[in-house]
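# Residue-level structural notes
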Amino acid sequence: MKHIPKRILVPGAGFRLVGAARLAVVFLGLLVCFAPHAAPASDRTAGLLSTPLEASAFQRLTMEAERSEYLRALTQYPAKRLTVQLQAIGETVQKRPMEALLVQARDPQEDASGVPLRVLLLGGQHGNEVSGSEALLIFARQWLTRVETDGSPFAMTLLIVPAVNPDGIANKRRVNAQGVNLSTDYGLLQAPESTAINRLLVEFQPHVVLDIHESALLKKKTLGAEGWLTDFEAQFEYANNPNVNGDLKTFTSDVLLPAILKNVESKGLAAHRYFGEITRTDQVVQHGGLSAHNFRNKAGIHGAVSFLLENRLDPSIGVYPTPRNIRERVEKQLLSIDVFLSVCQAHAAQIVALTESARNFGAQESRKVFLQPEYGILPAQPTIDIALRRLESNEKVMHRFRYRGAIIAGPASMAPKRYVFMSHIGFFRQWLVKQGIPFAEGASPEQAPYVTAEVNSVNGRFLPLFLEPASASSILGRLPFDTEGLKVLSDPR
Ligand SMILES: [Zn+2]
């Protein structure tokens with residue numbers, strides 16, 4: 001293991017830490033609390049409740065106000081075994097509300113396991129992948145029906161966010177209204193939407209996370225321009241960053257992923273481990289991104305069993321029974337979500353144990369970091385065969401791609417004990433609050449104010465990942481201000 005040397009990340013004046021007793025400890029904590037709306041049961045017949053998409057026979061997507069109204073109606077579901085609460089979790093750039101549905105056992109004894117899995121389900125991080133959002137609306141009602149009417153056993157507390165990116169959905173864009181790709185904003189947290197979701201990670205502490213997406217078969221400007229379409233139904237990726245707790249990662253990759261794929265297949269939907277975007281026929285194929293900026297990995301490093309789901313987004317050029325095949329797309333997502341949750345439920349006790357232990361590691365362990373993970377060649381499998389379809393004839397043709405299937409963690413580093421922010425203090429104070437990392441404020445003997453945060457603190461292990469210049473997930477090159485004069489110091493003691 002190599003040590004990260006004590007280093008002034010950006011040259012600046014000499015610095016000495018003052019005694020801890022003189023630090024004014026300011027832990028702002030997290031300001032948004034879970035304040036549920038009351039959800040009294042009523043006589044409303046749940047069977048009649050359908051989503052706007054269902055009500056239109058899959059001809060028309062759910063509008064923003066309708067989504068809210070539908071979620072509110074779910075809280076009126078005549079539930080005896082469950083409580084259903086709608087929570088305001090944030091506000092978008094264009095001031096749209098962000099909402100989450102919390103569904104849990106009314107009586108903890110009712111829960112089948114005694115240790116309910118806390119599950120966070122996200123849809124619509126990319127506003128142009130609408131089926132996940134629609135599927136979660138339907139799923140929420142189906143879950144209530146199954147538990148309340150069919151009496152299905154359950155062992156989960158669900159926090160469902162059908163629309164992570166309401167502006168993107170309204171504007172039919174992948175990104176939010178600032179042009180930020182929310183899915184990879186979990187390092188910098190520059191968007192209010194990703195900040196709200198990150199807060200759920202910190203406060204709800206999910207054991208399980210599923211981030212639901214679609215992937216377009218037709219990429220007009222790249223693979224499509226070469227005359228090819230991709231061809232798949234469902235792909236899953238787990239949190240593969242080497243900073244995810246080892247036991248948790250092994251269980252996720254070796255037990256959960258194969259069980260999920262097998263069970264999705266057995267229900268008639270072809271499934272495989274996620275491949276990164278295929279944009280050229282001569283490219284190298286590897287799996288999901290390794291960065292801690294993406295939500296899947298952020299949640300995994302937090303200690304959750306964390307998966308990405310992508311289902312097939314059919315090309316706009318096809319002819320389908322419903323607009324852009326939305327009915328089938330939603331059904332595939334529902335099937336994938338159901339299988340995913342049933343596999344997690346079957347392994348609930350192990351997931352809870354692994355997750356809790358991943359979150360309670362020792363001080364030494366919390367400073368061990370892998371800064372530069374990368375993909376490498378698997379000697380046993382240097383190539384991989386993947387089916388593509390000809391755009392013109394739809395003929396299926398196997399292609400052999402060079403394949404980088406090995407994740408190389410790289411050398412482990414020992415992070416410094418703390419980081420000290422001596423410039424842009426306002427920005428970093430806010431960033432630490434958003435990340436859920438406690439910090440202290442003080443002044444140097446020369447009266448220069450600073451903010452300092454410890455690696456061995458709650459969520460502090462993200463500090464080296466995001467602040468070391470050598471880290472593949474460093475935010476230093478992406479800061480939203482001129483970094484001339486930036487002074488972030490590290491202290492090994
Ligand atoms: Zn997506």
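Values in this document were obtained by computation on a predicted structure and should not be read as measured data. (Residues numbered from 1 in each chain as written. Predicted model: local features only at pLDDT ≥ 70, side-chain atom pairs only at ≥ 80, totals over all residues.)

Moving on, we get to the overall build of the protein chain. Check the secondary structure of the protein chain and you find 12 helices and 22 strands. By the burial criterion, 44% of the 493 residues in the protein chain qualify as buried. Restricting to contacts in the protein chain with at least 6 residues of sequence separation, those with at least 24 account for 75%. (Helix = DSSP H or I, 4+ residues; strand = E, 2+ residues; numbered from the N terminus. Buried ≥ 20, exposed ≤ 12 C-beta atoms within 10 Å, placed from the backbone. Contact = placed C-beta atoms within 7 Å.)

The next point concerns the nonpolar core. Counting 123 residues, the largest nonpolar core has L121, I160, F340 and C344 as its most contacted members. Taken together, domain 1 (2-29 + 414-491) and domain 2 (46-360) each give at least three residues to this core, which thus spans both. Beyond its immediate stretch of four places on either side in the chain, I160 contacts A100, L101, V103, L121, L136 and A140. (Core = buried A, V, L, I, M, F, W, Y, C linked by C-beta atoms within 7 Å. Domains from an automatic or database assignment.)

A few words on the packing of helix α3 (residues 131-148) against helix α8 (residues 326-346). In contact at an axis separation of 9 Å, α3 and α8 are set at 60° when each is read in the N-to-C sense. Classified by the angle their axes make, α3 and α8 are oblique. Crossing angle aside, the handedness with which α3 passes α8 is right-handed. Judged by residue contacts, S131, G132, E134, A135, I138 and F139 of α3 engage I326, R329, V330, Q333, L334 and I337 from α8. For the contact of α3 with α8, a count of residues per class yields seven nonpolar, three polar and two charged. (Axes fitted to C-alpha atoms, helices over the stretch in contact; angles between N-to-C directions. Parallel < 35°, antiparallel > 145°, perpendicular 65-115°, else oblique. Left-handed = near helix turned anticlockwise from the far one by under 90°. Nonpolar A, V, L, I, M, F, W, Y, C, P; charged D, E, K, R; others polar.)

Strand order in the open sheet formed by four strands is β8-β15-β16-β11, and the pairing between neighbours is mixed. The sheet terminates laterally at β8 (228-230) and β11 (284-285), the two strands that pair on one side only. (Pairing = 2+ DSSP bridges.)

Looking now at the sheet that holds strand β12 (residues 305-313). Strands sit in the order β3-β4-β6-β5-β7-β12-β9-β10 across an open sheet of eight strands; the sheet is mixed. Each edge of the open sheet carries a strand with a single partner, namely β3 (82-91) and β10 (271-273). On average, each strand axis in the sheet is inclined to that of its neighbour by 20°, with strand direction left out of account. Judged from the nine bridges that link them, β3 and strand β4 (residues 97-105) form a sheet pairing that is antiparallel.

Mapped onto the elements of the fold, V339 is located in helix α8. For the pair V339 and I260, spaced 79 residues apart in sequence, the C-alpha to C-alpha distance is 6.5 Å. Contacts of V339, omitting those with residues within four sequence positions, involve I260, N263, V264 and K267.

So, on to the packing of helix α2 (residues 64-75) against α3. Where α2 meets α3, the axes come as close as 11 Å, and the angle between the chain directions of the two elements is 10°. The angle between the axes of α2 and α3 places the two elements in the roughly parallel class. For the pair α2 and α3, contact is made by R67, Y70 and L74 and by L137, A140, R141 and L144, respectively. Of the residues assigned to the contact of α2 with α3, the class counts are five nonpolar, no polar and two charged.

A separate point is unusual backbone geometry. A positive phi angle, close to 55°, is found at A57, a residue other than glycine. Examined against the element boundaries, A57 turns out to sit in the loop between α1 (52-55) and α2. Although it is not a glycine, F58 sits at a positive phi angle of roughly 60°. Position of F58 relative to the elements: it lies in the loop between α1 and α2.

What follows deals with the pairing of strand β16 (residues 396-403). As a general feature of sheets, a regular strand has side chains that alternate between the two faces. Bridge analysis of β11 against β16 gives two bridges, and the strand direction is parallel. The partner of V285 across the bridge, within β16, is Y403. Between strand β15 (residues 383-390) and the antiparallel strand that follows it, β16, lie five residues; N394 among them carries a positive phi value of about 65°.

Our focus in this paragraph is the environment of S50. Its location among the elements puts S50 in the loop between β2 (24-25) and α1. The class for S50 is partly exposed, based on 13 C-beta atoms found within 10 Å. Separated by 88 residues in the primary sequence, S50 and I138 have C-alpha atoms spaced 7.6 Å apart.

Attention shifts here to helix α9 (residues 348-358). Note: α-helices contain 3.6 residues per turn, so residues at a spacing of three or four share the same orientation. Among the residues making up α9, those that are buried are A348, I351, L354, T355 and A358. The arc enclosing the buried residues of α9, seen along the axis, measures out at 135°, which places them on a common side. Against β5 (117-123), β7 (208-216), α6 (246-266), β12 and α8 lie the buried residues of α9. (Arc of directions from axis to C-beta.)

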